[in-house]
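Here is how the chains run, residue by residue.
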Amino acid sequence: MNNKINVKVCGMTREVDVTQALSLGADYVGFIVYPKSPRALELEEAAELSAAVPEGKCVIVDVEPDPADLKRYREAGFDRFQIHTNPFIEEQKLADYSKSVSRDRLWLAPRLAPSDPFPERFFKYAETILIDTYSKDKIGGTGHTGDFVRFAKLKDQFPEITWVLAGGLNATNIADALKKSTASVVDVNSGVESAPGVKDPEKLKEFFERRTSNV
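Let me begin by describing the structure that accompanies this report. Just so it is clear, the structure is predicted and the values come from calculations on it, not from any experiment.

Right, let's talk about the overall build of the protein for a bit. Helix and strand content of the protein: seven helices and 12 strands. For the protein, the C-alpha radius of gyration of 16 Å lies close to 17 Å, the compact-globule estimate for 215 residues. Viewed in the frame of its principal axes, the protein has a C-alpha envelope of about 45 × 40 × 30 Å. Within the protein, counting contacts between residues at least 6 apart in sequence, those at least 24 apart form 61% of the total. In the structure as shown, the protein presents an accessible area of about 10,300 Å², 49% of it carried by carbon and sulfur atoms. In the protein, 29 side chains carry a positive charge and 33 a negative one; their mean positions are 4 Å apart.

In structure tokens:
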């Protein structure tokens, strides 16, 4: 049985890449405004690039921003708000994030070490959780695949949550990742690039051709 897999293409920095991703059927397009990312954009640049993205598909990505920044992102026209954070973030900050943009539009991405228990309190504030590969030195965008089995267990244990699989995905490993993780939403970035922020047309096309699960 073939099941359509929703794809978010993240780390966009060029109009040509946004156009191609949309033409291939991207369900979400991501723009990073975290200054330390090699794909970082100023908010004005991200807003300009996102102007061509259909409503509902535009995701802005940051790391533990001030809650006031989320208001700015919302006013700039973004639809989804992907926030990377440590799992021990203050409860009030999570509440402020959720209140600023609403629970159904907030994507939380806790930075979990393999030994860390999942912070179930996050479910109170966001309907979507993104799981990226853990790194001591990077917040996200490690380029390495993660624990697919753990992802599948979380997805099975909490089916009311939308789970997004990220971390080192590319055309070569996506079939195995889907089989082991049972993910229905995936986030691809460095695996379809020729350089940070520069998407490779052939890699991107091949990834979309292989986004159908046969499990």
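Moving on to helix α1 (residues 15–24). Working note: α-helix, 3.6 residues per turn, so residues spaced by three or four point in the same direction. D17, V18, Q20 and A21 are the residues of α1 that are buried. Summarising the axial view, the buried residues of α1 lie within an arc of 165°, below the 170-degree limit, and thus occupy one face. Turned more than 90 degrees off the buried face of α1, the exposed positions are E15, V16 and S23. In this structure, the buried side of α1 is in contact with β2 (6–9), β3 (28–32), α2 (43–50), β11 (198–199) and α7 (201–209). Directly after α1, the chain includes G25, whose backbone phi takes a positive value near 105°.

With that out of the way, let us pick up the pattern of salt bridges. Side-chain pairs of opposite charge can arise whenever the charged atoms involved come near each other. Evaluation of the coordinates by the stated rule reveals 10 salt bridges. With a shortest N-O distance of 2.5 Å, K8 and D187 are connected by a salt bridge. Of this pair, K8 sits in strand β2 while D187 sits in strand β9 (residues 185–188); the two residues are 179 residues apart in sequence, bridging distant segments of the chain. Like K8, the residue D187 is buried in the burial classification. Residues K180 and D176 are paired through a salt bridge, measuring 3.3 Å at the closest nitrogen-oxygen approach. Here K180 and its partner D176 are both found in helix α6 (residues 174–181), four residues apart, which amounts to about one turn of the helix. For K180, a relative accessible area of 44% translates into the label partly exposed. Each of R39, E193 and K199 takes part in salt bridges that share partners, so that together they form one network.

Turning our attention to the sheet that holds strand β7 (residues 128–131). What links the strands of a sheet is backbone hydrogen bonding, and the strands pair in either a parallel or an antiparallel sense. Here we have eight strands rolled up into a closed barrel, ordered β2-β3-β4-β5-β6-β7-β8-β9, and parallel in their pairing. With direction set aside, neighbouring strand axes in the sheet form an average angle of 25°. For strand β5 (residues 80–85) and strand β6 (residues 106–110), the ladder comprises five bridges, and the chain directions are parallel. Counted as the bridge partner of Q82 is W107 from β6. Relative to strand β8 (residues 162–166), helix α5 (residues 148–157) is tilted by about 170°, and along the sheet it contacts β7 and β8.

The rules behind each value
- Residues numbered from 1 in each chain as written.
- Predicted model: local features only at pLDDT ≥ 70, side-chain atom pairs only at ≥ 80, totals over all residues.
- Heavy atoms only, no water.
- Helix = DSSP H or I, 4+ residues; strand = E, 2+ residues; numbered from the N terminus.
- Rg over C-alpha atoms; globule rule 2.2 N^0.38 Å.
- Contact = heavy atoms within 4.5 Å.
- Areas by Shrake-Rupley, 256 points an atom, 1.4 Å probe, with all protein chains shown as cover.
- Lys, Arg positive; Asp, Glu negative; His and termini not counted.
- Charge placed at Lys NZ, Arg CZ, Asp CG, Glu CD.
- Buried < 20%, exposed > 50% of the residue type's maximum accessible area, 1.4 Å probe, protein only.
- Arc of directions from axis to C-beta.
- Salt bridge = Lys/Arg side-chain N within 4 Å of Asp/Glu carboxyl O.
- Pairing = 2+ DSSP bridges.
- Axes fitted to C-alpha atoms, helices over the stretch in contact; angles between N-to-C directions.

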